[in-house]
Amino acid sequence: SSIFVDPLISRKRTMASEDGATNLKICCMGAGYVGGPTMAMIALKCPDVRVTVVDISQRQIDRWNSDNLPIYEPGLDEIVQETRGRNLFFSTDIDAEIQAADMIFVSVNTPTKTSGIGAGRAANIKNCELCARKIAEVAQSDKIVVEKSTVPVHTANTMRRVLQANSRGLNFQILSNPEFLAEGTAMRDLENPGRVLIGAEESDAGAAAMARLVDVYARWVPRESIITTNLWSSELSKLVANAFLAQRVSSINSISALCEATAANVAEVARAVGTDPRIGSKFLQASVGFGGSCFQKDILNLVYLCESFGLPEVAEYWNQVVVMNDFQKNRFSRIMLRTMFNTIAGKRIAMFGFAFKKDTGDVRETAAAFVMRNLLTEGASIAVYDPKVAREDMLQELTYQNVNETDHPHYEERIESAEDAYSAAAGAHAIAIMTEWDEFCDLDFQRLYDAMVKPAFLFDGRRLLDHDALRAIGFDTYVIGEASEAVQARALVQ
């Protein structure tokens, strides 16, 4: 899958094998959702490689060194327990670890700009530049610097110029190695990746640096799954991959609205469409909308890039993916309001799930926060149960979503963090399924129904439950992508 370096990589891999790669030292700057799990997997698969994750946050590093890791991913805790203290380390001694490392991964946050040129769309790469400056400041030997963060095209140029301008005669090679992890399955994705993408400068030095990173991944990833490209193709590929995935979600969500209007069933439509091998069935599950740290941020970044390069039509095309996602979240909120007699002021609503998807505690850009903001605006009180989300993280995301005392008076008092689903539903007028946690399928819905105010409404934003069974219990049930009984009746008459 290489475009230019396979022969050299083969030679370099032989050299690395002769060296045994035993002395390789890796430092990762950034102890977040990408850096921590990725380095844990490298440490597991390469026990002779010393891997250290550094961060400026003492609290974050302390949690990585504890039994209460700062993030939840199935399988992560077991790998950290096995490797930590052996060849995996977490530290705030950034200078020393940079000096000791042969290869430095930069895995820091690149949020969307909130002010200035490109605000609301462009990625803020300040943290990447700061990492480059720190490396140039303290390095005492040549380094391979690996972009792991999701960045705009040509960010490697920025980092290279910073490093070269402060190199003091040292040589730095920049590689691009974007992550393609799905939260909730990150450790599985790392152990059996569909592909590993590595981009390098098209030069002998760039190819040599690439060979060293290929050698690391080749310890457990089949060589045919390691794709090598130039730097710009690698940087752009991550944005495009997320844009394509989000596009599929918005596409099926747009059709869910049409299905509700026409008495079609979005699950049946998705199955019929997905059996076409040219289309496939993945990412065709209608829902309240996509969330997470990547999809919206990366699409908006792509939109801004297109505008910057004089491609307004391309920019508008991709911007519609985000527009449709916002439409779906607003539509779900409006349906809840309309179904509950056009008023929810003073009503208690049980929200099952707050994470943007199951098997993660990540709440960034979660659809639940968007919907909660709308419900709070209408005067509702909300009881939230999520098995992995901390109240502190939920409130922080709500602040990011512009929930404040001015527009939502006493909002913290109106949000209850319930210990379980049953206490959340007690006295509630409605239940909203916001995250597809498996445990929600096993709840005693008769017990939930008995404890609720009647009529009891249930809004399934994830198409998770047995809706016929819910209706038999007595729930007034709304399901994304399925018409109401009134619409179905009109369709039969017509």
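Residues numbered from 1 in each chain as written. Predicted model: local features only at pLDDT ≥ 70, side-chain atom pairs only at ≥ 80, totals over all residues. Heavy atoms only, no water.

## With respect to the overall build of the protein chain
Basically, it comes down to this: Each helix corresponds to a stretch of at least 4 residues labelled H or I by DSSP, and each strand to a stretch of at least 2 residues labelled E; elements are numbered beginning at the N terminus. Relative accessibility under 20% of the residue-type maximum defines a buried residue, over 50% an exposed one, and the middle range a partly exposed one, all with a 1.4 Å probe and only protein chains included. The contact criterion used throughout is that any non-hydrogen atoms of two residues lie within 4.5 Å.
Of regular secondary structure, the protein chain possesses 19 helices and 14 strands. With the C-alpha coordinates of the protein chain rotated into their principal frame, the extents come out at 75 × 45 × 40 Å. Looking at the protein chain residue by residue over its 494 residues, the buried ones come to 54%. Of all intrachain contacts in the protein chain linking residues separated by at least 6 positions in sequence, the fraction that spans at least 24 positions is 77%.

## Points about the packing of helix α10 (residues 231-262) against helix α13 (residues 312-339)
Here is the rule we go by: Fitted lines through C-alpha atoms give the axes, limited to the stretch in contact for helices. The angle between two N-to-C directions lies from 0 to 180 degrees. Angular relationships are summarised with four words: roughly parallel below 35 degrees, roughly antiparallel beyond 145, roughly perpendicular across 65 to 115, and oblique for the angles in between. Crossings are assigned a handedness: left-handed for a near helix turned anticlockwise from the far helix by less than a right angle, right-handed for a clockwise turn. Charged means Asp, Glu, Lys or Arg here, nonpolar means Ala, Val, Leu, Ile, Met, Phe, Trp, Tyr, Cys or Pro, and polar covers whatever is left, Gly included.
Packing of α10 against α13 brings their axes to within 9 Å, and their N-to-C directions diverge by 45 degrees. Considering their axes alone, α10 and α13 lie oblique with respect to each other. Once α10 is placed against α13, the crossing between them reads as left-handed. Listed contacts from α13 to A243, F244, A246, Q247, S250, N253, S254, S256, A257 and E260 of α10 are Y317, W318, V321, M324, N325, F327, Q328, R331 and I335. For the contact of α10 with α13, the residue count by class is ten nonpolar, seven polar and two charged.

## Digging into a nonpolar patch on the surface
Heads up, the condition is: Any residue with relative accessible area above 30% and no salt bridge may belong to a patch, with like charges joined within 9 Å and the nonpolar Val, Leu, Ile, Met, Phe, Trp and Tyr side chains within 5 Å. Surface exposure here means Shrake-Rupley accessible area, sampled with a 1.4 Å probe, where a residue is shielded only by the protein chains that are shown. Salt bridges are defined by distance alone: a side-chain nitrogen of Lys or Arg within 4 Å of a carboxyl oxygen of Asp or Glu.
Judged by side-chain polarity, F309, L311 and V314 come together as a nonpolar surface patch covering roughly 270 Å² of accessible area. Assignment of secondary structure puts L311 in the loop between α12 (295-308) and α13.

## A closer look at unusual backbone geometry
Omega for the peptide link from K454 to P455 comes to -5 degrees, which places this bond in the cis form. Within the secondary structure, P455 is located in the loop between α17 (445-450) and β13 (457-460). Of note, the phi angle at D359 is positive, near 60 degrees, even though the residue is not glycine. Mapped onto the secondary structure, D359 falls in the loop between β9 (348-352) and α14 (367-377). In the Ramachandran plot, N402 falls in the positive-phi region, its phi being about 65 degrees despite a non-glycine side chain.

## A closer look at the pairing of strand β2 (residues 50-54)
Note the cut-off: Any two strands between which DSSP finds at least two bridges are classified as paired. Here, the term right-handed applies to a crossover whose path from the first strand over the helix to the second runs clockwise when the strands point away from the viewer.
Counting buried residues in β2 gives four out of five residues, a clear majority hidden from the surface. As paired strands, strand β1 (residues 25-29) and β2 are joined by five bridges and run parallel to one another. What sits directly across from C27, in β2, is T52. Read from β1 through helix α2 (residues 35-45) to β2, the crossover connection turns out right-handed. Where β2 lies against strand β3 (residues 88-91), four bridges are found, and the strand directions are parallel. Bridge assignment links V54 to a residue of β3, and that residue is S91.

## Focus on the sheet that holds strand β8 (residues 226-230)
With mixed pairing, the eight strands of this open sheet are ordered in space as β3-β2-β1-β4-β5-β6-β7-β8. If you trace the sheet from one side to the other, it starts and ends with β3 and β8, each paired once. Across this sheet, the average inter-strand angle for adjacent strands is 25 degrees, counted without regard to direction. Here helix α6 (residues 126-138) sits on the sheet in contact with β1, β4 (103-106), β5 (143-147) and β6 (172-176), set at roughly 160 degrees to β4.

## Here we look at helix α7 (residues 155-165)
For clarity, the threshold we go by: To be clear, the arc concerns the directions from the helix axis to the C-beta atoms.
Every buried residue of α7 is listed here: T155, A156, M159, R160, V162 and L163. Along the long axis of α7, the arc covered by the buried residues comes to 165 degrees, so they all point the same way. Every exposed residue of α7 that faces more than 90 degrees away from the buried side is listed here: R161 and A165. Looking at the buried positions of α7, the neighbouring elements they touch are β4, α6, β5, β6 and α10.

## A few points about the sheet that holds strand β11 (residues 415-417)
As summarised here, the arrangement of the six strands in space is β11-β10-β9-β12-β13-β14, forming an open sheet in which the pairing is parallel. Taken across any chain shown, the strands that pair with only one partner, and hence form the sheet edges, are β11 and β14 (476-479). Each strand of the sheet is rotated relative to its neighbour by a mean of 20 degrees, with strand direction disregarded. Against the sheet, α14 engages β9, β10 (381-385) and β11, with an angle of about 180 degrees to β9. The strands touched by helix α15 (residues 391-400) within the sheet are β10 and β11, with β11 carrying the most contacts at an inclination of about 155 degrees.

## A closer look at the pattern of salt bridges
Overall, the coordinates contain 21 salt bridges when judged by the stated rule. Across the salt bridge formed by R364 and D362, the nearest N and O atoms sit 2.9 Å from each other. Accessibility expressed as a relative area gives 2% for D362, which makes it buried. Three or more residues are tied together by salt bridges with common partners; here these are D95, K134 and E137.

## Things to note about the nonpolar core
Going by this rule: Definition of nonpolar core: a set of buried residues of the types Ala, Val, Leu, Ile, Met, Phe, Trp, Tyr and Cys, connected through side-chain atoms within 4.5 Å.
Core analysis: the largest hydrophobic core is formed by 66 residues, its most contacted members being M351, F352, F354, M372 and I431. It is α14 that contributes the most residues to this core, seven residues altogether. Apart from residues no more than four positions distant in its own chain, M372 is found in contact with M351, F354, I382, V384, M394, L398 and I415. Among the nonpolar cores identified, the runner-up in size contains 43 residues, and V53, F90, I144 and L190 belong to it.

## Here we look at the environment of R391
Assignment of secondary structure puts R391 in helix α15. Residues R391 and F354 lie 37 residues apart in sequence; the distance between their C-alpha atoms is 10.0 Å. If sequence neighbours within four positions are ignored, R391 has contacts with E412, I415, E416 and S417.

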